[in-house]
Amino acid sequence: MGELEDAVMTRVWKWNRLVTVREVLEDLQQERSIAYTTVMTVLDNLHQKGWVRRESEGRAYRYEAVSTRAAYAAALMNDAWSQSDNPAAALIAFFGMMSEEQRQALGDAIRIVRGPETPAPNPGAVPDGGER
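Residues numbered from 1 in each chain as written. Predicted model: local features only at pLDDT ≥ 70, side-chain atom pairs only at ≥ 80, totals over all residues. Heavy atoms only, no water.

Undergrad: Explain the side chain of T20 to me, please; I cannot follow it from the model alone.
TA: Among the structural elements, T20 can be located in strand β1 (residues 19-20). Note on T20: relative accessible area 17%, which makes it buried. Excluding residues within four positions of it along the chain, T20 makes contact with Y61 and R62. (Helix = DSSP H or I, 4+ residues; strand = E, 2+ residues; numbered from the N terminus. Buried < 20%, exposed > 50% of the residue type's maximum accessible area, 1.4 Å probe, protein only. Contact = heavy atoms within 4.5 Å.)

Undergrad: I'm lost on the packing of aromatic side chains in this one. Help?
TA: Where two aromatic rings form a pair, the distance of their centres and the angle of their planes describe that pair. Taken as a whole and assessed by the stated rule, the structure comprises 4 aromatic pairs. Aromatic pair W13 and Y72: ring centres 5.7 Å apart, planes at 35°, arrangement tilted. Here W13, found in helix α1 (residues 3-15), pairs with Y72, found in helix α4 (residues 69-82); they are 59 residues apart in sequence, far enough to count as distant. Residues W13 and Y72 agree in their burial class; the two are buried. Ring centres of W51 and Y72 lie 4.8 Å apart, and the angle between their planes is 85°; on these two criteria the pair is classed as edge-to-face. (Phe/Tyr/Trp six-rings, centres within 6.5 Å; stacked < 30°, edge-to-face > 60°.)

Undergrad: Explain the sheet that holds β1 here, please?
TA: Within a sheet, adjacent strands bond to each other through the backbone by hydrogen bonds, running parallel or antiparallel. What the 3 strands build is an open sheet, ordered β1-β3-β2; its pairing is antiparallel. Edge strands, defined here as strands with exactly one partner in the open sheet, are β1 and β2 (52-57). In this sheet, strand β3 (residues 60-65) lies alongside β2 in antiparallel orientation, the contact comprising 6 bridges. The residue bridging R54 from the neighbouring strand is Y63, located in β3. Strands in contact with helix α3 (residues 36-49) are β2 and β3; relative to β2, the strand with the most contacts, it is inclined by about 120°. (Pairing = 2+ DSSP bridges. Axes fitted to C-alpha atoms, helices over the stretch in contact; angles between N-to-C directions.)

Undergrad: How should I be thinking about the packing of α1 against α3 in this particular structure?
TA: When two helices pack together, their arrangement is captured by the angle between the axes and the distance separating the axes. Packing of α1 against α3 leaves a shortest axis separation of 10 Å and a crossing angle of 80°. Viewed along their axes, α1 and α3 adopt a mutual orientation that is roughly perpendicular. Across the interface between the two elements, L4, E5, V8, M9 and V12 from α1 touch T38, V42, L43, N45, L46 and K49 from α3. (Parallel < 35°, antiparallel > 145°, perpendicular 65-115°, else oblique.)

Undergrad: In this structure, what is going on with the confidence of the model for the protein? I would like to understand it.
TA: Keep in mind that low pLDDT regions are not for reading the predicted coordinates in detail. Taken residue by residue, the protein gives an average pLDDT of 88. The fraction at 70 or more is 89%. At the low end of the mean pLDDT range in the protein sits α4, at 88; at the high end sits helix α2 (residues 21-28), at 97. (pLDDT = per-residue confidence, 0-100.)

Undergrad: Can you help me understand the nonpolar core in this one?
TA: A general feature of soluble globular proteins is that nonpolar side chains tend to end up buried together. With 19 residues, the main nonpolar core has V8, V12, V24, L28, V39, L43 and L46 as its most contacted residues. Elements with a minimum of two residues in this core: α1, α2, α3 and β3. When residues of this core are assigned to their parent elements, the largest contribution, 5 residues, is made by α1. Beyond its immediate sequence surroundings of up to four residues, L43 is in contact with V8, V12, V21, V24, V52 and Y63. (Core = buried A, V, L, I, M, F, W, Y, C linked by side-chain atoms within 4.5 Å.)

Pasting the structure below:
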C-alpha cells in the first residue's frame, strides 16, 4: 500500500463506518493540498485491491474497510516473513527490534492463540482422578 493509500485507509479504519470521498478529502486537506478526483481514484484503487467495499449512493459511492488495520499489519508481517530464506533468523532479528511493550504484547498474543493452559499431568494421579 502506498503512502497516499495508507493515509486514506487510516481514515477509513479510524472512522469505522461508511465514508464518502468528500469526507476523506476534507480530512486529508487539513494536512495537504489534494484534489477530489485524486481521493476518488485512490478509493477506487483500494476497492479494486479488495481493501474497501463500496455501496452506491446516488451517483457516488460510500466506502468501508473490508478488514482491520491489525489484519493489514499481520498480512505485511506474514508476507515479509514468508519471503525470508531463513525464517527463524528473521524472527530473531524482528524480536530483537521490539520494544519491551511490544514483547509483552507478543507474549499476550501467544497466550491468546494457545488458549487456556492445560495443567501438566500429575504422575501420582489415577484415571478416576484420585491419588494413589
